[in-house]
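Summary of structural features
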2 protein chains.
Amino acid sequence: MSHSTNTNDLVERLRARGQRVTSQRLVILRALRRHGGHATVDEIHRAVLRDLPGTSTPTVYATLDLLVELGLARKLDVGVGASRYDGRTEPHQHMVCRRCGRIEDLDVELDVEALVRAADATGFQARDTELVISGVCAACAAKG
Amino acid sequence: MSHSTNTNDLVERLRARGQRVTSQRLVILRALRRHGGHATVDEIHRAVLRDLPGTSTPTVYATLDLLVELGLARKLDVGVGASRYDGRTEPHQHMVCRRCGRIEDLDVELDVEALVRAADATGFQARDTELVISGVCAACAAKG
DNA sequence: ATTGGTGCAAATCCTTTGCAATAGC
DNA sequence: GCTATTGCAAAGGATTTGCACCAAT
């Protein structure tokens, strides 16, 4: 069974927090998962409008941030253009091309343990870690 | 001798690339170094105006990006508020507080080798890595 | 003398806010 | 019915652009 359209996890988490299950929230999560990776708010918005015409920009922003808080999405800020949202929640890293802005996944283990321990030692309570490798993607390197 | 006001490295790198040594560039680098850590463009701009009145916003933006390209600064995007620039170029990581937005340094070794090798294997040419740990800082945790 | 850098003003882009209307509980 | 969510329009803030002028080479 595909994970893409199953929104039970969202429903459960909303109920657990006493928040409402709205069609916008369900549709936005599905759009994020259908996109696959690193969607901008605008891309999600356009996709959502097909299923739920009239959905507003502020709702998409608020909902994507809510999904992050619920642990169903990750927010990605690579310093070029708009923020991006990633429906993949398993640990993985990102590579961003300085020339074209393209973002790719990188599946490498990262010793988060040591980092979190070092952070804790300073009194900081670590919740999440985000690693971004910047450089030049294969396509742009080929162009010179 | 303090490193803060010595801009020989900038002069050398500009000459090497055939770019001009301007007072704006020197003053902006000094302001960045004097600030110490994680300055916003606006903070740098205000500091620069004291030494060089009339300096424009676009110049500060362009120059900070140039410093990054020259390897004399790092750009930090933590997804909340404006971009930040860091004059510390030695490898170190960053912690950002989700509540107050405060950014702190974390001096932990990170096995960049393995990451760069994995990136290279995909055809991506890695240039730099940036790790951000998000969570709650000691001060905000104390407030509950 | 050339032309890369700069200042100015304005535009653009991304994101958030205020408030009335709506829909989930 | 109560109140969290939503839609709309507008504001806000960060960053970039176009162009004329200036200053480093």
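About the thresholds
Residues numbered from 1 in each chain as written. Chains lettered and ligands numbered in written order. Predicted model: local features only at pLDDT ≥ 70, side-chain atom pairs only at ≥ 80, totals over all residues. Heavy atoms only, no water. Near = heavy atom within 4 Å. Polar contact = N/O pair within 3.5 Å; in protein donor to acceptor, adjacent residues only side chain to side chain. Helix = DSSP H or I, 4+ residues; strand = E, 2+ residues; numbered from the N terminus. Least-squares fit on C-alpha atoms with pLDDT ≥ 70 in both. Contact = heavy atoms within 4.5 Å. Nonpolar A, V, L, I, M, F, W, Y, C, P; charged D, E, K, R; others polar. Axes fitted to C-alpha atoms, helices over the stretch in contact; angles between N-to-C directions. Left-handed = near helix turned anticlockwise from the far one by under 90°.

What follows covers the protein's contact with DNA strand C. Every one of the 16 residues lining DNA strand C counts as a neighbour, but A:V21, A:Y61, B:R20, B:T22 and B:T59 are closest to it. Within the side chain of B:Q24, one N or O atom sits 2.9 Å away from a sugar or linking oxygen of DNA strand C. One of the side-chain nitrogen or oxygen atoms of B:T59 is found 2.8 Å away from a phosphate oxygen of DNA strand C. When residues of the surface near DNA strand C are traced back to their parent elements, those giving at least two are α4 (57-69) of chain A together with α2 (23-35) and α4 (57-69) of chain B.

Before going further, it helps to spend a moment on the relation of the copies chain B and chain A. When chain B is fitted onto chain A, the two copies agree to an RMSD of 0.1 Å after a turn of 179° and an axial shift of 0.1 Å. As the rotation angle and translation indicate, the two copies are arranged about a two-fold axis. Residue B:L131 of chain B places its C-alpha closer to the rotation axis than any other residue of that unit, at 2.2 Å. Interface residue correspondence from chain B to chain A reaches 100%, placing this contact among same-surface, isologous pairings.

Attention now goes to the protein's contact with DNA strand D. Around DNA strand D sit 16 residues in total, of which A:R20, A:T22, A:Q24, A:T59 and B:Y61 are the nearest. Taken together, the sugar and phosphate atoms account for 68% of what DNA strand D places within 4 Å of the protein. Contact distances for DNA strand D include 3.2 Å between a phosphate oxygen and a backbone N or O atom of B:V21. If you list the elements that add at least two residues to the surface near DNA strand D, you get α2 (23-35) and α4 of chain A together with α4 of chain B. Counted by class, the surface near DNA strand D contains 5 nonpolar, 8 polar and 3 charged residues.

The next point concerns the packing of helix α3 (residues 41-51) of chain A against α4(A). Residues and elements named next belong to chain A. For the pair α3 and α4, the least separation of the axes is 10 Å and the interaxial angle reads 115°. The chirality of how α3 crosses α4 is right-handed. Seen from α3, the contacting residues are V41, I44 and H45; seen from α4, they are T57, V60, Y61 and L64. Partitioned by chemical class, the residues of the contact of α3 with α4 number 5 nonpolar, 2 polar and no charged.

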